[in-house]
Amino acid sequence: MILQALYELAQEEHLIQDPDYEPKPITYLVRLDKDGSFLGFTVTREAPPENEGKKRKATPKSFAVPRCRARTSGDRAFFLYDKAEYVFGMDPDGKRPTDKLEQRAALFQEGVDLCSDAISDPGVDAVARFLKDLRTGRQTIELPEDCATNDLFAFVVEPNPDRLVTDSPAVRNFWKAQRATADDSEKAWCLVLGREAPVAELFPGLKKLPGGSTSGVALVSFNKPAFESYGLKGNQNATVSREAAETCATALNRLLDTAYPHPTRSGETLPKRRIQISGDSVVVFWAKGEGDVACDIFGGLLEGDPAQVREVYRSIWRGKAPHLDDASAFYALTLTGTQGRAIVRDWFESTVSEVMDQVAAYFEDIDIVRNTPKPKQGDLPPAFPIGRLMESLAVQGKREEIPAQLAAQFVHAALNGGPFPFAVLTRAVERMRAEIGKMDWPDVARRDARAALIKAVLNRRGTNKEIQKAMDKENKNAGYLLGRLMAVLERMQQLALGSVNASVVDRFFAGASATPIAVFPRLLKNMRNHAAKAKGDNAKAGAATWLEKEVDTIMADVNSIPAHLPIEQQGLFVIGYHHERHWLWTKKEDRENEA
């Protein structure tokens, strides 16, 4: 079903204009005169539009070039485009042996000469003469200063400096015939096309998959006998035709690329359809037909785009579902990259309307008051991007530390409305205890994200009173009350002593959230001392008295301080601390407005 949905996507978006050609980023155009004289290089790098004031790196322009078999091992030259090692026999890094460079340049020239002898095309003839001149020393060139080893070169010939040599109809026909001749693989029933066709020898590589090789990784691969069955060899174990494999790989590469070139509108790119959720995992998503318009909103929601999130919030506030009432099929695929092959973590199918309903519920689940200060420029996002939620579960927010399977399970729950993984609660509580004392802006932002995750997990489990966005004085759970108490004790210490090297939270938060009876009696005794000290200052006396009353109010609902809090109550402890801290540091008029 995955491959069939990808095949349909490629057809709907017209990604396969010519099955024998594919888009590739060509960094340099080699300009030649019609007699093969070298005229110079044209750099195609373009800087994309700035995104929210952030400058983005210039990237090469994509061109449709002959679809060539990927290099896996050994030397293999592409047709009329390639790296400097193959095109010119030159290594930008100067590390490759001369004999290896000569061998690769000869392979490249062999393909050009074959085409030049077979057809009459001025462009190909000019390239063949240029390459011969390079080999005999009649012409010499110097590579561009900023040329990288993986930069691709292609040829243009005057008087057509904007058209690749490979765009010539004669060259296209030649390459089509070459591909047909080379396709001598055994025919079998294609699982995607539903008819007999030559089986793909190799599934084309997926580019820009986090964690995967830069040269591309396969989605379907049988590279060892242990993966084969019934005497079948290689990809005969999953009979996908060359046409289907190339089409599905093109669709996946389109989804993985944040700026895939539009197949019919030059200079434009297709909408982004991916969200990275961990260091090596990404979610790609799409919908059929007109429903694909909803994916623009869906992607903006999960990445915390302010306009999209506000629209969903307004829909929830009005008691209505989001404005997309669409029965079109919706798909989401979670992939993890490795050096060998792509790992399918999750496959999700639904409809656009159902997914948008679930997304609205998801944002209600993670909605919580913020303790993060407003940034110097702009506002806080109205909701947490899913990437930041996952990063909050890793040590110091390191994306590579996020378990790929956990991130995939979380996304699946957000899409289908099921319970979030219990491991999210465990990791969030652990990270909160470990990093509670860090006060840099990113640390506080991660604490807010953890509180949102804990709220979402507990509410979907439904074993306790529903947790509200902000302080809930009707919540009498022991963990929640003790978390509130911890925030008040912290505020009293700050009132009495000001800034200290190690606050009550730094020293006792972990113990108080797990074994309260071992910590709180001592903290309450110290609180009275802090209150007495604060009352000695007339400017602080009123605040100290108010905090004492807050402690008494909370303790009135605590029948007895428990010896141990289970993990769910520890989660409530975090939420209570988060809510109370926000309440204590909010101005009186703002508290009244929130209420």
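Quantities reported herein were computed from a predicted structural model and do not represent experimental measurements.

About the thresholds
- Residues numbered from 1 in each chain as written.
- Predicted model: local features only at pLDDT ≥ 70, side-chain atom pairs only at ≥ 80, totals over all residues.
- Heavy atoms only, no water.
- Core = buried A, V, L, I, M, F, W, Y, C linked by side-chain atoms within 4.5 Å.
- Buried < 20%, exposed > 50% of the residue type's maximum accessible area, 1.4 Å probe, protein only.
- Helix = DSSP H or I, 4+ residues; strand = E, 2+ residues; numbered from the N terminus.
- Contact = heavy atoms within 4.5 Å.
- Expected span 1.5 Å × (residues − 1).
- Phe/Tyr/Trp six-rings, centres within 6.5 Å; stacked < 30°, edge-to-face > 60°.
- 1 Å grid on protein atoms, 1.4 Å probe; cavity = no way out; pocket = protein on both sides within 12 Å on 5 of 7 lines; lining within 4 Å.
- Points joined across faces, edges and corners; volume = space filled by probe spheres on them.
- Nonpolar A, V, L, I, M, F, W, Y, C, P; charged D, E, K, R; others polar.
- Pairing = 2+ DSSP bridges.
- Axes fitted to C-alpha atoms, helices over the stretch in contact; angles between N-to-C directions.
- pLDDT = per-residue confidence, 0-100.
- Salt bridge = Lys/Arg side-chain N within 4 Å of Asp/Glu carboxyl O.

**Describing the nonpolar core**
If you look at the biggest cluster of nonpolar residues, it comprises 90 residues, and the most contacted ones within it are F330, Y362, L389 and F520. Sorting elements by how many residues they give to this core places helix α14 (residues 478-497) first, with 11 residues. Sequence-distant contacts of Y362, defined by excluding residues within four places in its chain, comprise L302, I386, L389, F410, A414, F420 and R460. Counting 42 residues, the second-largest nonpolar core is a separate cluster that includes F78, Y81, L131 and V171.

**A closer look at helix α11 (residues 404-416)**
For α11, which comprises 13 residues, the first-to-last C-alpha distance of 19 Å matches the rise-based estimate of 18 Å (1.5 Å per residue) to within 8%. By the burial criterion, the buried members of α11 are A404, L406, A407, A408, F410, V411, A413, A414 and L415. The first or second residue beyond α11 is G417, which carries a positive phi of 80°.

**Thoughts on the packing of aromatic side chains**
Tallied over the entire structure, the rule returns 23 aromatic pairs. Ring centres of F509 and F573 lie 5.3 Å apart, and the angle between their planes is 75°; on these two criteria the pair is classed as edge-to-face. With F509 in helix α15 (residues 504-514) and F573 in helix α18 (residues 567-584), the pair connects residues that are 64 residues apart, well separated along the chain. Note on accessibility: F509 and F573 belong to one class, buried. One aromatic cluster is present, built from ring pairs that chain together Y28, F38, F41, F88, F108, F130, F153 and F155.

**What to know about empty space enclosed by the protein**
Applying the stated criterion to the full structure yields 3 cavities of 30 Å³ or more. Quantified by volume, the largest cavity comes out at close to 60 Å³. Every residue lining the largest cavity is listed: R370, T372, L380, P381, A383, F384, P385, R388, W441 and A445. Looking at the lining of the largest cavity residue by residue, the class counts come to 7 nonpolar, 1 polar and 2 charged.

**Some remarks on the sheet that holds strand β11 (residues 281-287)**
With antiparallel pairing, 4 strands are arranged side by side in an open sheet as β10-β11-β12-β13. Two strands in the sheet have a free side with no partner beyond their single neighbour: β10 (274-278) and β13 (342-351). The mean inter-strand angle of the sheet, taken between neighbouring strand axes irrespective of direction, is 20°. Sheet topology note: the β10/β11 ladder contains 4 bridges and is antiparallel. Across the sheet, I275 pairs through a bridge with V283, a residue of β11. Packing of helix α6 (residues 242-256) onto the sheet brings it into contact with β10, β11 and β12 (329-337), and relative to β11 it is tilted by some 110°. Docked against the sheet, α11 engages β10, β11, β12 and β13, running at close to 5° with respect to β13.

**Some details on the confidence of the model for the protein chain**
Residues of the protein chain with pLDDT of at least 70 account for 91%, and the chain-wide mean is 88. Long-range and interchain partners of residues 316-323, a stretch whose pLDDT sits below 50, account for 12 contacts in this model, where long-range means more than four residues apart.

**Some remarks on the pattern of salt bridges**
Applying the stated criterion to the full structure yields 38 salt bridges. In this structure, the salt-bridge partner of E246 is R179, at a minimum N-O distance of 2.8 Å. Of the two residues, E246 is situated in helix α6 and R179 in helix α5 (residues 169-182); the sequence distance between them amounts to 67 residues. The class of E246 is buried, set by a relative accessible area of 10%. With its nearest N and O atoms 2.9 Å apart, the salt bridge here joins E268 to R265. Salt bridges linked by common partners bring D20, E22, K24, R67, K176, R179, R242 and E246 together as one network.

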